[in-house]
Amino acid sequence: YLDRDSALAAQNNYTSKAVQLVAGGPFVSQQFKPTDIRKQLGVGIGGPIIKDKLFFFLAADRFYHYFPAVGVSQNPGLFFAAPSAQLPTGFTCPGGASPITSVNDPNFALDSQACTLQTQAGLPSYSVAAADFNSGLAGLNSMLGQGPRYADQTIYFPKIDWQINPHNHASFEVNRLRFSAPGGQQTNATAIYNLQSFGNIYVKDSWGVAKLDSYVTSNISNEVRYQYGRDFNLGHNMTPSPYENTALLNTPTYTNPNGIPPAVFITNGFNFGTPTFYNRPAYPDERRWQMSDTVQWTRGNHSLKFGLDYIHTTDLSENLTTIFGSYNYGNTGSTNAITQYLTDYYLSQNVATASQANHYTSYGQGFGPLGFNFTTTDYAGFAQDEWKIAPRLSLTLGIRYEFEQLPTPQLPNPLVSQTMTFPSDKNNIAPRVGFAYDLFGSGRTVVRGGYGIFNARLINSTIYNALAQTGLATGQSVITLSASQAGAPVFPRLIGTLGTRPAPTVIYFDPNFKLPQIHEEDLNIEQSIGWNTVFTVSWLASLGRELPNYLDVNLPSATTIQYTVVNNGLAVPLPNGAIATTAFYGYQSSPTAGAVPTPPDQGRPNTLFSSMTDVFSGVNTNYEALVASIEHRMSHNLQFQAN
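Since we're looking at a predicted model, the values are computed, not measured.

Secondary structure summary: the protein contains 6 helices and 32 strands in total. Its C-alpha atoms give the protein a radius of gyration of 32 Å, clearly above 26 Å, the size a compact globule of 643 residues would have. Taken along its principal axes, the extent of the C-alpha atoms in the protein is 105 × 65 × 55 Å. Of all 643 residues assigned to the protein, the portion counted as buried reaches 39%. Contacts spanning at least 24 positions in sequence make up 70% of the contacts within the protein whose residues lie at least 6 apart. For the protein, the exposed surface amounts to about 33,500 Å²; the carbon and sulfur share of it is 57%.

Written as structure tokens, this is what we have:
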């Protein structure tokens, strides 16, 4: 049993938080010790069921972690400051007869935001706007602070060993893991999330292995193994907060049909609602069974091994990004994102003004099937010979072949021929060789070396993306609209049905795609220098070949855009007024200040689609290392090692 409690631990001098000691006063940094409690306990018991014949073992383990979540603002000084209840005597909002400025109004930065809220939301007076601004901030603040968060995991591991007879031994084992973490998707001590937006996460893993070891003859043995396993991961939203219920779900003008709030992102504020990557009913629900057989044969100076391996994997992945919608509020000119959000919030609360709640920067929503179910099959075979050529020289020779059979495309798009087929790489032959040589026959100087090719599989998450996003209307797509674009909703509504569909994304495998490879090489010299001490020099190399990469092949033609540096007197590399020139791939022409940009797909070579991602085998990596080490084995009460 292990109990680790932060109350018994030392203070971390680098852990601090911003606090306001006096209402309306400045924020100061204050050290604090986050609560963190971990408890782990386990038990194991084993013994004979039938003496010398049948044995059991059972282990159980539980891990409990309590680490409260702290929701914070990205910019507390800006986010928690408030406008004045009244403007300075004799002054008006900007645009009036005697407008406030940074000279005549010490709180101009925030008072001007209340003025903007008054104008945009059509409020009757500045005092009403300021009160609404402060009330709106209070509502947002109600979602921040500290809240409960914990993780709980249990593992059970039973095993049976059966000595069937002198030549055959069987074993059966099961591992069952259950993990739940309400609010545990975000694991940092603090995060710019509403406490009810941290996300619940659950894991259910179970696997069992049955193995039979047999001595066929005195020099031939065989191991046959069967495994079945399930890896089930899921995550979903937390219970909406009272504020989310009022602002997003059940407003006076709109009732959310899902009962699950959209995501809201406020620049320099925080995120609330449902994270765009939730809900995940199955991510993944993977079921795998495997059969393998290995034969070992000792003959003279040879120790030979042969084996076959078969793995059948079924994956159900259900994860449609932004399925519940998302609103993004950014700073626009002199109006900050908080003001833009509060404008939409107050407009949405009134039937007469709800249709004007469109001051957000962008809106996103996912459409299409929730997920896909597909199967992959892996085949492998190998042969290996450990050969004692001479008393001073041993050699290891091996070869392995692997083939990963991918599923058939489920949504092939005739307009993109690459989506019609998936790769079938059948050239994965991997030779391996190693040697050890006693250089002088004294056993004091040994040279060892080896080389081998190791093939990796294409991970199923990449396969899933190529299955789901082929550019068809029946596939998955996430649309992004600015508030001024046709079809964009007003806050906090969702798009009910997808009308004119924006250009969709496409992900496909390159026709020449190959499975990734790693070439491993090493060479070392080991020299005994006496006194139970050995000095070793090693050269190591790991060379990646045909590694996957992802390239948008439907980018618009590059245009040149220039930026003027304004450094505000800071000691930065570029002087004030310097011109920075860069290539720009966003739109048909370089955007100008205040202009509404053309939708990104308009400037693409293929205007039927937005991004067209080619998954290709185009990356090589090289890693090399030289290592020197000296090690003295325990003798005369002394042991040491240095590298």
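Once that is clear, we can look at the packing of aromatic side chains. One pass over the structure, following the stated rule, counts 26 aromatic pairs. Ring centres of Tyr-243 and Phe-272 lie 6.1 Å apart, and the angle between their planes is 70°; on these two criteria the pair is classed as edge-to-face. Of the two residues, Tyr-243 is situated in helix α4 (residues 242-249) and Phe-272 in strand β16 (residues 271-272); the sequence distance between them amounts to 29 residues. On the basis of relative accessibility, which here comes to 10%, the residue Tyr-243 falls in the buried class. Overall, Phe-272 belongs to the buried group, its relative accessible area being 2%.

A word on the sheet that holds strand β6 (residues 69-71). Read across the open sheet, the 3 strands follow the order β7-β6-β10; overall the sheet is mixed. The two strands at the open ends of the sheet, each matched to only one other strand, are β7 (145-147) and β10 (190-191). Pairing of β6 with β10 involves 2 bridges; the strand directions are parallel. In the sheet register, Val-70 faces β10, and the bridge partner there is Thr-190.

Moving on: the sheet that holds strand β20 (residues 362-367). Strand pairs in the sheet, formed through backbone hydrogen bonds, run parallel or antiparallel to each other. Across the sheet, which stays open at both edges, the 5 strands sit in the order β16-β15-β19-β20-β25 with mixed pairing between neighbours. Both outer strands of the open sheet, β16 and β25 (477-481), are each paired with one neighbouring strand and no more.

Considering all chains together, one arrives at 14 salt bridges under this definition. With its nearest N and O atoms 2.6 Å apart, the salt bridge here joins Asp-152 to Arg-62. With Asp-152 in strand β8 (residues 150-165) and Arg-62 in strand β5 (residues 54-66), the pair connects residues that are 90 residues apart, well separated along the chain. Residues Lys-159 and Asp-161 are paired through a salt bridge, measuring 3.9 Å at the closest nitrogen-oxygen approach.

Turning our eyes to something else, we now look at a nonpolar patch on the surface. Together, Phe-435, Leu-523, Ile-529, Phe-535, Val-537, Trp-539 and Leu-626 make up an exposed nonpolar region whose accessible area comes to about 620 Å². For the nonpolar patch, the element with the most residues is strand β28 (residues 533-552), which contributes 3 residues. Mapped onto the fold, Leu-626 is located in strand β31 (residues 612-635).

Here the focus is the packing of helix α3 (residues 126-141) against helix α5 (residues 337-348). Here α3 crosses α5 at 95°, and the two axes come no closer than 10 Å. On the basis of their axis angle, the class for α3 and α5 is roughly perpendicular. Residue-level inspection shows Asp-132, Phe-133, Ser-135, Gly-136, Leu-137 and Leu-140 of α3 in contact with α5, the latter providing Ile-338, Thr-339, Tyr-341, Leu-342 and Tyr-346. Across the contact of α3 with α5, the residue classes tally to 7 nonpolar, 3 polar and 1 charged.

A word on helix α2 (residues 108-121). Taking 1.5 Å as the rise per residue, α2 with 14 residues should run 20 Å; its terminal C-alpha atoms sit 19 Å apart, in good agreement. Buried within α2 are the following residues: Leu-110, Asp-111, Ser-112, Gln-113, Ala-114, Cys-115, Thr-116, Leu-117, Gln-118 and Ala-121. Where α2 ends, the next residue or the one after it, Gly-122, has phi of about 70°, a positive value.

Cut-offs and rules
- Residues numbered from 1 in each chain as written.
- Predicted model: local features only at pLDDT ≥ 70, side-chain atom pairs only at ≥ 80, totals over all residues.
- Heavy atoms only, no water.
- Helix = DSSP H or I, 4+ residues; strand = E, 2+ residues; numbered from the N terminus.
- Rg over C-alpha atoms; globule rule 2.2 N^0.38 Å.
- Buried < 20%, exposed > 50% of the residue type's maximum accessible area, 1.4 Å probe, protein only.
- Contact = heavy atoms within 4.5 Å.
- Areas by Shrake-Rupley, 256 points an atom, 1.4 Å probe, with all protein chains shown as cover.
- Phe/Tyr/Trp six-rings, centres within 6.5 Å; stacked < 30°, edge-to-face > 60°.
- Pairing = 2+ DSSP bridges.
- Salt bridge = Lys/Arg side-chain N within 4 Å of Asp/Glu carboxyl O.
- Patch = residues over 30% accessible without salt bridge, like charges linked within 9 Å, V, L, I, M, F, W, Y side chains within 5 Å.
- Axes fitted to C-alpha atoms, helices over the stretch in contact; angles between N-to-C directions.
- Parallel < 35°, antiparallel > 145°, perpendicular 65-115°, else oblique.
- Nonpolar A, V, L, I, M, F, W, Y, C, P; charged D, E, K, R; others polar.
- Expected span 1.5 Å × (residues − 1).

Remember that the coordinates give geometry; whether it matters functionally is a separate question.
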